[in-house]
Amino acid sequence: MSLKNSNIEIHGTSNYLDTEEFCIYAAKNPFWADCKSNELICKVKDRNAIAVNIVDADDSKYFKVAMFNRLVRIIDEKVKNGGTVHIICNKGQSRSASIALLYLSAKGIISKTSYEKARHDFEKLYPNYLPGIGISKFLDKTWGLFFRPVKRPPRENKIYSS
């Protein structure tokens, strides 16, 4: 299902999507077996895709802020280059939709204020959103960690004389 005002599509399938466009597989099958067990994100061999080590567990300890932040950056890069990003999990309701929710929040398309407000906005765009217990707890608990500005060291002001 395409999301309004974005280049994001959410899918539920346990098979690969037959497309040349960029895909994020947030499901164990069909590609996670090709990845190393310690990787959170890996490139899918012979495809314009990545696989994400993410399970729809009831415990929020299985989700990592850094992984979601990296996915948002990857999606943003692909969209800025004019592409469509397909985000796939088994049912298209929890993992893939939560990744899309974070991206849309980061871009200001839906609320950044809280997970509850972002979820309310997102459900208007994507009524099929039905996050698992663990991912929902994780997003609610860690929401404030997602949209912090990147701290960079101050630039030196050099004065040149001629």
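Anything mentioned here points back to the structure above.
Reading guide: rules and limits
- Residues numbered from 1 in each chain as written.
- Predicted model: local features only at pLDDT ≥ 70, side-chain atom pairs only at ≥ 80, totals over all residues.
- Heavy atoms only, no water.
- Helix = DSSP H or I, 4+ residues; strand = E, 2+ residues; numbered from the N terminus.
- Contact = heavy atoms within 4.5 Å.
- Buried < 20%, exposed > 50% of the residue type's maximum accessible area, 1.4 Å probe, protein only.
- Salt bridge = Lys/Arg side-chain N within 4 Å of Asp/Glu carboxyl O.
- Axes fitted to C-alpha atoms, helices over the stretch in contact; angles between N-to-C directions.
- Parallel < 35°, antiparallel > 145°, perpendicular 65-115°, else oblique.
- Left-handed = near helix turned anticlockwise from the far one by under 90°.
- Nonpolar A, V, L, I, M, F, W, Y, C, P; charged D, E, K, R; others polar.

Undergrad: Please explain the side chain of Ser98 as it appears in this structure.
TA: On the secondary structure map, Ser98 appears in helix H2 (residues 95-106). Excluding its chain neighbours within four sequence positions, the residues that come into contact with Ser98 are Tyr129, Pro131, Ile135 and Leu139.

Undergrad: What should I look at first to understand helix H4 (residues 133-142) in this one?
TA: Every α-helix winds through 3.6 residues per turn, so residues three or four apart in the chain are directed the same way. Taken together, the buried positions of H4 are Gly134, Ile135, Ser136, Phe138, Leu139 and Thr142. The secondary structure elements touched by the buried residues of H4 are helix H1 (65-80), H2 and helix H3 (115-125).

Undergrad: Can you walk me through the pattern of salt bridges in this structure?
TA: Working definition: two side chains of opposite charge can pair if their charged atoms are close together. Tallying each qualifying case throughout the model produces three salt bridges. One salt bridge in this structure joins Lys80 and Asp76, with 3.2 Å as the shortest N-O distance. Placement of the pair is Lys80 and Asp76 together in helix H1, with a separation of four residues, close to one helical turn. Exposure remark for Lys80: the relative accessible area of 64% places this residue in the exposed category. A salt bridge links Arg119 to Glu123; its shortest N-O distance comes to 3.0 Å. Placement of the pair is Arg119 and Glu123 together in helix H3, with a separation of four residues, close to one helical turn. Given a relative accessible area of 24%, Arg119 falls into the partly exposed group. On the basis of relative accessibility, which here comes to 29%, the residue Glu123 falls in the partly exposed class. Three or more residues are tied together by salt bridges with common partners; here these are Asp76, Lys80 and Lys107.

Undergrad: What should I look at first to understand the packing of H1 against H2 in this one?
TA: Viewed as axis vectors pointing N to C, H1 and H2 meet at an angle of 70 degrees, and their least axial separation amounts to 9 Å. The orientation of H1 relative to H2 falls into the category roughly perpendicular. Pair H1 / H2 crosses with right-handed handedness. Contact with H1, carried on its side by Phe68, Leu71, Val72, Ile75, Asp76 and Val79, involves Ile99, Leu102, Tyr103 and Ala106 of H2 and no other residues of that element. Of the residues contributing to the contact of H1 with H2, the split by class is nine nonpolar, no polar and one charged.

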